[in-house]
Amino acid sequence: MTSPTLHAVSSGDSGPRIAFCHGLFGQGRNWNQIAKGLADIARPTLLDMPDHGRSGWTERFGYVAAADTVADTLRGIDPDEPWIVVGHSMGGKIAMLLTLRHPELVSRLCVVDISPAATTSFTEFETYIAAMQAMDLDAIESRADADAAMQEAAPDPGVRGFLLQNLRREGSGWRWQPNLEVIGRDIATIGGWPQDEIAGLPPFDEPVLWLSGERSRYVTQEDQAQMRRLFPRVRLVTVKDAGHWVHSEQPEVTIAALRALTTSDR
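None of the values given here were measured: they were computed from a predicted structure.

Participant: Sorry, what's going on with unusual backbone geometry here?
Facilitator: The phi torsion of most residues other than glycine is negative, and most of the peptide bonds are trans. Of note in the backbone geometry, aspartate 51 takes a positive phi value of approximately 70° without being a glycine. Along the chain, aspartate 51 falls in the loop between strand 3 (43–47) and helix 2 (63–77). Overall, aspartate 51 belongs to the buried group, its relative accessible area being 1%.

Participant: Can you walk me through the pattern of salt bridges in this structure?
Facilitator: Where side chains of opposite charge bring their charged atoms close, a pairing between them can arise. In this structure the tally under the stated criterion is 12 salt bridges. Across the pair aspartate 40 and arginine 259 runs a salt bridge, and its minimum N-O distance is 2.8 Å. With a gap of 219 residues between them, aspartate 40 in the loop between helix 1 (32–36) and strand 3 and arginine 259 in helix 12 (residues 251–263) connect regions that are remote in the sequence. Residue classification places aspartate 40 among the exposed residues on the basis of a relative accessible area of 53%. Look at arginine 259 and you get partly exposed, because its relative accessible area is 28%. Where arginine 160 meets aspartate 147, a salt bridge forms, and the shortest distance between an N and an O atom there is 3.0 Å. Here the residue arginine 160 occupies a position in helix 6 (residues 157–164), and aspartate 147 occupies one in helix 5 (residues 143–150), the gap between them amounting to 13 residues.

Participant: Honestly, helix 6 in this entry has me stumped. Any pointers?
Facilitator: Of the positions making up helix 6, those classed as buried are Val159, Arg160, Phe162, Leu163 and Leu164. On its buried face, helix 6 is in contact with helix 4 (124–134), helix 5, strand 6 (167–170) and strand 7 (173–176). Sitting at the amino-terminal end of helix 6 is aspartate 156, which places a side-chain oxygen 2.7 Å from the backbone nitrogen of glycine 158.

Participant: Can you walk me through the sheet that holds strand 4 (residues 83–88) in this structure?
Facilitator: In space, the seven strands of this open sheet follow the order 1-3-2-4-5-8-9, with mixed pairing throughout. Looking at which strands have only one partner, the edges of the open sheet turn out to be strand 1 (8–10) and strand 9 (234–239). Within the sheet, the average angular offset between the axes of one strand and its neighbour, ignoring direction, is 15°. Sheet analysis places strand 8 (residues 208–213) next to strand 9, joined by six bridges and oriented parallel. Paired with valine 208 across the strands is valine 234, a residue of strand 9. Against the sheet, helix 2 makes contact with strand 1, strand 2 (17–21), strand 3 and strand 4, and its axis sits at roughly 140° relative to strand 3, the strand it touches most. The strands touched by helix 3 (residues 90–101) are strand 2, strand 4 and strand 5 (106–112); relative to strand 4, the strand with the most contacts, the crossing angle is about 145°.

Participant: Please explain the packing of helix 2 against helix 3 as it appears in this structure.
Facilitator: When two helices pack together, you describe them by how their axes are tilted relative to each other and by the distance separating the axes. Here helix 2 crosses helix 3 at 70°, and the two axes come no closer than 8 Å. Accordingly, the angle class assigned to the pair helix 2 and helix 3 is roughly perpendicular. Counting all contacts with helix 2, which are made through Tyr63, Val64, Ala66, Ala67, Asp68, Val70, Ala71 and Leu74, the residues of helix 3 involved are Met90, Lys93, Ile94, Leu97, Leu98 and Arg101. Partitioning the contact of helix 2 with helix 3 into residue classes produces 11 nonpolar, no polar and three charged.

Participant: Which parts of the structure should I look at to understand empty space enclosed by the protein?
Facilitator: Leftover empty space is mapped by rolling, across the atoms, a probe with the size of a water molecule. In this structure the tally under the stated criterion is one cavity of 30 Å³ or more. Looking at the largest cavity, its volume works out to about 30 Å³. Gly23, Leu24, His88, Ser89, Phe125, Phe162, His244 and Trp245 together form the lining of the largest cavity. Split into classes, the residues belonging to the lining of the largest cavity amount to four nonpolar, four polar and no charged.

Participant: When you look at the layout of surface pockets in this model, what are you seeing that I'm missing?
Facilitator: Here the second largest pocket is characterised by a volume of approximately 150 Å³. Along its surface, the second largest pocket is lined by His7, Val9, Gln27, Gly28, Arg29, Asn32, Leu46, Asp48, Arg54 and Arg168.

The rules behind the values
- Residues numbered from 1 in each chain as written.
- Predicted model: local features only at pLDDT ≥ 70, side-chain atom pairs only at ≥ 80, totals over all residues.
- Heavy atoms only, no water.
- Helix = DSSP H or I, 4+ residues; strand = E, 2+ residues; numbered from the N terminus.
- Buried < 20%, exposed > 50% of the residue type's maximum accessible area, 1.4 Å probe, protein only.
- Salt bridge = Lys/Arg side-chain N within 4 Å of Asp/Glu carboxyl O.
- Contact = heavy atoms within 4.5 Å.
- Polar contact = N/O pair within 3.5 Å; in protein donor to acceptor, adjacent residues only side chain to side chain.
- Pairing = 2+ DSSP bridges.
- Axes fitted to C-alpha atoms, helices over the stretch in contact; angles between N-to-C directions.
- Parallel < 35°, antiparallel > 145°, perpendicular 65-115°, else oblique.
- Nonpolar A, V, L, I, M, F, W, Y, C, P; charged D, E, K, R; others polar.
- 1 Å grid on protein atoms, 1.4 Å probe; cavity = no way out; pocket = protein on both sides within 12 Å on 5 of 7 lines; lining within 4 Å.
- Points joined across faces, edges and corners; volume = space filled by probe spheres on them.

This is the structure:
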């Protein structure tokens, strides 16, 4: 099975390259504000993950395949220079796999509010996916109609808005950009962690920043031992007044942390 083509937007003229891997139902553009806050010291690349945004679709989701696809994309952009890789949630797991499988490609890593472990919190997305698949797109005349249709499944307006960014106007109708069929079918894999597939890989011995939201359930005390085994030079930073979407809720803190990671000596 061939790898999907990933949509990538790069900016900046100088400094190290830094790639952003978004989470489930996100898009590369979700990291625009953070990328702009780093553009004077780095060259950001915003990626749409497989089955998301403007990237190609797959027949089955797998973290190893996704990580290898991102690695191929980064090599295609710049084969000569190692990257700082930033990943949130699902994208954080992809970033960790990328780093462990292709360490020569990564100079530093930032994992945002996710752990190298199965994630039961992903089950909330099953409700969202079911509502998205059940929406009668032919009956939707405006985004307000779509918002109303999603209200029961996603009562939080912020979450609802995040999900509805994936609804795109196409001609006189609407379509979902993500591959809902594969994401819905493979949600357990997306919430999981391919432990067997990384067995035997050496730890990554370069600087790793681990950002956790103070109010989030995605990083637990139990996960820290495994994280330190895989990434011995990890530094855990808990971001106050933030939930799972740390970079959206506390962008200034996120930018400051990434600027420090980017400019610090190894």
